[in-house]
Amino acid sequence: NAGVTQTPKFQVLKTGQSMTLQCAQDMNHNSMYWYRQDPGMGLRLIYYSASEGTTDKGEVPNGYNVSRLNKREFSLRLESAAPSQTSVYFCASSEDRYTEAFFGQGTRLTVV
Amino acid sequence: DAKTTQPPSMDCAEGRAANLPCNHSTISGNEYVYWYRQIHSQGPQYIIHGLKNNETNEMASLIITEDRKSSTLILPHATLRDTAVYYCIVRAFYGGATNKLIFGTGTLLAVQP
């Protein structure tokens, strides 16, 4: 049982480079989320997808785009990375609005 | 979305009950209280949730006051492995399909040997 799988686990980017963080869940969940966590802080919601085909902004969406490719996959794209985007990124999924969310192990991104 | 207030840190002796408080005085009638924890920068882990009745599972108990303005997470017999940041979250959802899960800064629980 893989649960929520994020790739890559670690990444170093140069300022201005682009990249896509991948997230896949094998629990047939409808809702998926992307969060970022800066050192010593709580998680902040970037984008979420309540169901396949829908996406909505969270607390800190600027500088990011997302794609809900299908029910299983939800990707996060940085078009032009900035040092302020250095963070740990977590993907999560939940069956619906009432049930608990399951988190991946995170992607540690450094932008230099 | 209703906001939550938690103490930044707490200590607890190993084997004793850990009682973690959370204030959510602006909670709406259809909002649930959720608790998650995060151990050493791993992905957060779901613990328990409730609407207005007290809840218990194999990990913890959740006590919600009658006016629903505050709650307490109880770990009945804390172990060193329970050292983590504990997040109290009020889950906002609307009439449509939106489903936000907004984290605050949490409480760092340090279980002491």
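The structure reproduced in this document is the subject of the present report. (Residues numbered from 1 in each chain as written. Chains lettered and ligands numbered in written order. Predicted model: local features only at pLDDT ≥ 70, side-chain atom pairs only at ≥ 80, totals over all residues. Heavy atoms only, no water.)

This paragraph deals with the overall build of chain B. The helix and strand tally for chain B stands at zero helices and ten strands. Helices (α) and strands (β) of chain B occur, in sequence order from the N terminus, as β-β-β-β-β-β-β-β-β-β. Whereas a compact globule of 113 residues would reach a radius of gyration of roughly 13 Å, chain B reaches 14 Å, a difference of no more than 12%. Taking the principal axes of its C-alpha atoms as reference, chain B extends roughly 45 × 30 × 25 Å. Counting across all 113 residues of chain B, residues that qualify as buried make up 44%. Considering only intrachain contacts with a sequence separation of at least 6, the fraction spanning at least 24 residues in chain B is 56%. (Helix = DSSP H or I, 4+ residues; strand = E, 2+ residues; numbered from the N terminus. Rg over C-alpha atoms; globule rule 2.2 N^0.38 Å. Buried < 20%, exposed > 50% of the residue type's maximum accessible area, 1.4 Å probe, protein only. Contact = heavy atoms within 4.5 Å.)

Another aspect to go through is unusual backbone geometry. In this model, Thr7(A) is joined to Pro8(A) through a cis peptide bond whose omega is -5 degrees. Locating Pro8(A) in the fold gives a position in the loop between strand E1 (4-7) and strand E2 (10-13). Backbone geometry at Arg68(B) places phi at a positive 65 degrees, although glycine is not the residue there. In this fold, Arg68(B) is placed in the loop between strand E6 (61-64) and strand E7 (70-75). Of the residues examined, Arg68(B) reaches a relative accessible area of 9% and is grouped as buried.

With that settled, the discussion passes to the sheet that holds strand E7 (residues 65-68) of chain A. All names here are of chain A. Across the sheet, which stays open at both edges, the four strands sit in the order E1-E3-E8-E7 with antiparallel pairing between neighbours. Edge positions in the open sheet fall to E1 and E7, since each of these has one partner strand only. Each strand axis lies, on average, 15 degrees off the axis of its neighbour in the sheet, ignoring direction. Bridging between E1 and strand E3 (residues 19-25) involves four bridges; their strand directions are antiparallel. When the bridges of E3 are listed, Val4 appears paired with Gln25. (Pairing = 2+ DSSP bridges. Axes fitted to C-alpha atoms, helices over the stretch in contact; angles between N-to-C directions.)

All right, on to the state of the cysteines then. All told, the structure shown has two disulfides over all chains when counted by the stated rule. Residue pairing for Cys23(A): its cysteine sulfur links by disulfide to Cys91(A), the two sulfurs lying 1.9 Å apart. Sign of the S-S torsion, about -75 degrees for the bond between Cys23(A) and Cys91(A), identifies this disulfide as left-handed. Of this pair, Cys23(A) sits in strand E3 while Cys91(A) sits in strand E9 (residues 87-94), placing them 68 residues apart in sequence. Cys91(A) sits in the buried class, given a relative accessible area of 0%. Through a disulfide, Cys22(B) is tied to Cys88(B); the S-S separation comes to 2.1 Å. Handedness of the Cys22(B)-Cys88(B) disulfide follows from its S-S torsion of about -80 degrees: it is left-handed. Highlighted residues: Cys22(B) in strand E2 (residues 18-23) and Cys88(B) in strand E8 (residues 84-93), separated in sequence by 66 residues. There is no split in this pair, since Cys22(B) and Cys88(B) are both buried. For Cys12(B), which is in no disulfide, the shortest distance to another cysteine sulfur is to Cys22(B) and amounts to 18 Å. (Disulfide = S-S within 2.5 Å.)

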